[in-house]
Amino acid sequence: MIGTVDNLNSTGTISGYFLDANDVYHGYTRTPDGTISQLDDPEAGTGPQQGTEFSGINDAGMITGVYIDSNTVFHGFIFVNGTFTNFDAPGAGTGSNEGTLAENINEFGAITGQYVDSVDVNHGFLRTPDGVISTFDAPGGGTGSGQGTVPSCNNAANAITGWYLDSNNTWHGFLRAPPPRPQATPRPRPTPHPRPTS
C-alpha cells in the first residue's frame, strides 16, 4: 500500500490518498488526534488505477480532489458535510486519462485545477463557491498533446499559480491575477425638495 499527504489545514487536519493492494485509490483524512477516515466518491471506479484522490482541504474542512471512474476518466469533486458534489469543467475530454482534475480549494470554497481535453491538451479552470466554472489558458501555453496550462493553487482572492508547457515542451511558471471584484452600483441621490420662498 502506498499513501500520500497532499494538504494540511490550519487546524491540523491532513488530506491525501492511498493506493491499496489492488491498485485502487482511496481518499483519507487524518484529524489532529490521529483519527484516520477513508472516504470514497460513490461514482469512483473500483478497478486498477481508478478510485478517489484528495488534493486539497481548507480550514472549514471542505475537501476537493479527483475521482477516476470505471472508464478511467477524471472528474472533480467537492466534499462538504459528508456529501460529494461532482463536477466537470466545460471542454473536458471524456476519454481514458482525460477529464477534470481539481487541485486546490481556498478558504471560501473556490477550486482551481486543470482539465484535459479530447486531444490531451491541458487547460486551467476556476470553480466559484456557487458552482460557476470559468476556464483559462496561460499565454504561451502549447496546444499539442501533453502541453498547456496546469494550475496548482489559488488564494483567498483567487490569484492562481501553476505552470505551463509551451510548444517546445519547455516548462514555465505563471501567476494569474485575481478576477476584478464587482463594483457596487451607487444609489441615486434623492432629489432635494425646493426651499420655500418668503
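Note that the coordinates shown come from a computational prediction; the quantities given were computed from them, not determined experimentally.

> I'd like to hear about the overall build of the protein, residue by residue, with values.
For the protein, the helix and strand inventory stands at 0 helices and 15 strands. Over its C-alpha trace the protein gives a radius of gyration of 21 Å, far above what one expects of a compact globule, namely 16 Å for 198 residues. Projected onto its principal axes, the C-alpha coordinates of the protein cover approximately 95 × 50 × 25 Å. Expressed as a percentage of the 198 residues in the protein, the buried residues total 45%. Within the protein, counting contacts between residues at least 6 apart in sequence, those at least 24 apart form 39% of the total. Of the roughly 11,100 Å² of accessible surface on the protein, a fraction of 52% belongs to carbon and sulfur atoms. For the protein, the centre of its 7 positive side-chain charges and the centre of its 19 negative side-chain charges are spaced 30 Å apart.

> So what's going on with the nonpolar core? Which residues, and what values?
Of all hydrophobic cores here, the largest spans 9 residues; its members are Ile78, Phe87, Ala89, Ala102, Ile105, Ile111, Tyr115, Phe125 and Ile133. Every element with two or more residues in this core is listed here: β9 (99-105) and β10 (111-116). Contacts of isoleucine 111, omitting those with residues within four sequence positions, involve Thr64, Phe77, Ile78, Phe87, Ala102, Asn104, Ile105, Phe125, Leu126, Arg127 and Asn154.

> Break down the pairing of strand β13 (residues 148-154) for me, with residues and values.
Residues in a regular strand project their side chains so that they alternate between the two faces of the sheet. Judged by how many residues are buried, β13 sits mostly within the fold: 5 of 7 residues are covered. As judged from the 6 bridges shared by β13 and strand β14 (residues 160-165), these two strands associate in the antiparallel manner. Directly across from valine 150, in β14, lies its bridge partner tryptophan 163. Taking the residues between adjacent antiparallel strands as the criterion, β13 and β14 are bridged by 5 residues, where asparagine 158 takes a positive phi near 70°.

> Could you give me a rundown of the packing of aromatic side chains, with the residues and numbers involved?
Considering all chains together, one arrives at 7 aromatic pairs under this definition. With a centroid separation of 5.1 Å and 70° between ring planes, the pair formed by phenylalanine 77 and phenylalanine 84 is classed as edge-to-face. Residue phenylalanine 84 is classed as buried on the basis of its relative accessible area of 17%.

> Please provide a residue-by-residue account of the environment of alanine 156, values included.
The topology assignment puts alanine 156 in the loop between β13 and β14. Residue classification places alanine 156 among the partly exposed positions, given a relative accessible area of 36%. Considered as a pair, alanine 156 and alanine 110 are 46 residues apart in the sequence and their alpha carbons are 8.4 Å apart. Ignoring sequence-local partners within four residues, the contact set of alanine 156 consists of Asn106, Glu107 and Phe108.

> Give me the environment of valine 24: which residues, what numbers.
Locating valine 24 in the fold gives a position in the loop between β2 (14-19) and β3 (25-30). Separated by 148 residues in sequence, valine 24 and histidine 172 have C-alpha atoms that sit 32 Å apart. The contacts of valine 24, once residues within four sequence positions are left out, are Phe18, Leu19, Gly45, Thr46, Gly47, Pro48, Gln50 and Gly51.

> Which residues make up the pairing of β10, and what values go with them?
Of all 6 residues in β10, 6 are buried, a share of seventy percent or more. Alternating positions in β10 separate into two faces, Ile111, Gly113 and Tyr115 on one and Thr112, Gln114 and Val116 on the other, with burial throughout. Bridge count for β9 against β10 is 6 bridges, and the pairing is antiparallel. Considered in β10, the bridge of leucine 101 is made with glutamine 114. Taking the residues that link successive antiparallel strands as the turn, the β9-β10 hairpin has 5 residues, and the phi of glycine 109 there is positive, at about 95°. The pairing of β10 with strand β11 (residues 122-127) spans 6 bridges and is antiparallel. Paired with valine 116 across the strands is asparagine 122, a residue of β11. As consecutive antiparallel partners, β10 and β11 are separated by 5 residues, and within that stretch aspartate 120 has a phi angle of approximately 65°, a positive value.

What counts as what
Residues numbered from 1 in each chain as written. Predicted model: local features only at pLDDT ≥ 70, side-chain atom pairs only at ≥ 80, totals over all residues. Heavy atoms only, no water. Helix = DSSP H or I, 4+ residues; strand = E, 2+ residues; numbered from the N terminus. Rg over C-alpha atoms; globule rule 2.2 N^0.38 Å. Buried < 20%, exposed > 50% of the residue type's maximum accessible area, 1.4 Å probe, protein only. Contact = heavy atoms within 4.5 Å. Areas by Shrake-Rupley, 256 points an atom, 1.4 Å probe, with all protein chains shown as cover. Lys, Arg positive; Asp, Glu negative; His and termini not counted. Charge placed at Lys NZ, Arg CZ, Asp CG, Glu CD. Core = buried A, V, L, I, M, F, W, Y, C linked by side-chain atoms within 4.5 Å. Pairing = 2+ DSSP bridges. Phe/Tyr/Trp six-rings, centres within 6.5 Å; stacked < 30°, edge-to-face > 60°.

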